[in-house]
Amino acid sequence: MGVRSWFEPLGVVVAIAVIVGISMGAVLLGPVLVPASGPSPSSAAPPPTHYVNLSIVINATWGVPQYVPANFSVPAGRVVITIRDYDQPGTFVGCGCNVTGTVGAVEMINGTAYHRVPSANVAHTFSSPALNLNVLSPGGSTVSFVTELFPGTYPWWCMAPCGLDGMMGFPMGVPGFMAGTITVTN
Ligand SMILES: [Cu+2]
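Description of the structure in this document. (Residues numbered from 1 in each chain as written. Predicted model: local features only at pLDDT ≥ 70, side-chain atom pairs only at ≥ 80, totals over all residues.)

Let us look at the overall build of the chain. Secondary structure summary: the chain contains one helix and 11 strands in total. Across the 186 residues in the chain, those meeting the buried criterion constitute 25%. Nonlocal contacts in the chain, meaning residues at least 24 apart in sequence, comprise 71% of its contacts between residues at least 6 apart. (Helix = DSSP H or I, 4+ residues; strand = E, 2+ residues; numbered from the N terminus. Buried ≥ 20, exposed ≤ 12 C-beta atoms within 10 Å, placed from the backbone. Contact = placed C-beta atoms within 7 Å.)

What follows is the structure in structure tokens.
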């Protein structure tokens, strides 16, 4: 009986202490637990992404495929390049066809990700050894990829034999057709 009467007030004191403690904790932690309504440092704006749109069309005069534009400028940083290939599907015999130089070593073809593209359906490439860049373009498709570019001037060219006379013929390697320059500005 004596023990019980000693514990009862203690229980009340403990209960009050717990209630007060929770209340104080709520007061102290409340502002922390409330979701921030404004931007926080961890959600700061990401660096800007730049976009480049290229097309592969059939040149009306010469009847050969042509990148438009072949020469272009883009600010340094993360760049999304989209290639709309209006040429017919082609086969790039001997193509390694591995995607390199893009974020994740991946390219999107009509919305599907590829690390390697079947050579039987590669009409053109967008390749820049200086950037370790190799992207494969099936005819009649839309290709897009993301890459990180630093200031400089980088030649690119198509490595898939295309046009009139295969590897050595027009317009292979011809600036403004199957070759060009990427100028990356500060
Ligand atoms: Cu080509």
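Once that is clear, we can look at the pairing of strand β11 (residues 179-185). Here strand β3 (residues 72-75) runs beside β11; their pairing, made up of four bridges, is parallel. Paired with P75 across the bridge in β11 is T185. For strand β10 (residues 152-157) and β11, the ladder comprises six bridges, and the chain directions are antiparallel. The residue bridging P155 from the neighbouring strand is T181, located in β11. (Pairing = 2+ DSSP bridges.)

This brings us to unusual backbone geometry. P69 follows V68 through a cis peptide bond whose omega is -10°. Look at the link from F170 to P171: it is a cis peptide, with omega at 5°. Relative to the assigned elements, P171 resides in the loop between β10 and β11. Its identity is not glycine, yet N132 carries a phi of approximately 55°, on the positive side. Note on placement: N132 falls in the loop between β7 (124-128) and β8 (133-137). Residue class for N132 comes out exposed when judged on the 12 C-beta atoms lying within 10 Å of it.

Here strand β1 (residues 49-58) pairs with strand β4 (residues 77-85) via eight bridges, running parallel. Looking across to β4, one finds that H50 is bridged to V79. Of the strand pairs in this sheet, β4 and strand β9 (residues 142-149) are connected by eight bridges, and their pairing is antiparallel. Pairing of R84 across the sheet is with T142, part of β9.

Here is a general trend for soluble globular proteins: nonpolar side chains tend to be buried in one another's company. By size, the foremost hydrophobic cluster in this structure holds 27 residues, and its most contacted members are V122, V135, C158, A160, C162 and M178. Considering every element that reaches this core, the biggest residue donor is β8, with three residues. Leave out the neighbours within four places in its chain, and M178 touches Y67, W157, C158, C162, P171, M172 and G173. (Core = buried A, V, L, I, M, F, W, Y, C linked by C-beta atoms within 7 Å.)

So, on to the sheet that holds β9. Spatial ordering of the open sheet is given by β2-β1-β4-β9-β5-β6, a layout of six strands whose pairing is mixed. Whereas interior strands pair on both sides, the edge strands pair on one side only; in this sheet they are β2 (65-68) and β6 (112-114). The average undirected angle you get between the axes of adjacent strands in this sheet is 25°. (Axes fitted to C-alpha atoms, helices over the stretch in contact; angles between N-to-C directions.)

Moving on, we come to the environment of Q66. Looking at where Q66 falls in the secondary structure, it is placed in strand β2. By C-beta crowding, Q66 is classed as buried, having 22 other C-beta atoms within 10 Å. In this structure Q66 touches V57, N59, P171 and F177, once residues within four positions along its chain are discounted.

Relative to the helices and strands, N71 is located in the loop between β2 and β3. Sequence-wise, N71 and F177 are 106 residues apart; in three dimensions their C-alpha atoms are separated by 9.7 Å. When sequence neighbours within four positions are dropped, the list of residues in contact with N71 reads G180 and T181.

Read these as geometric descriptors, not functional statements.
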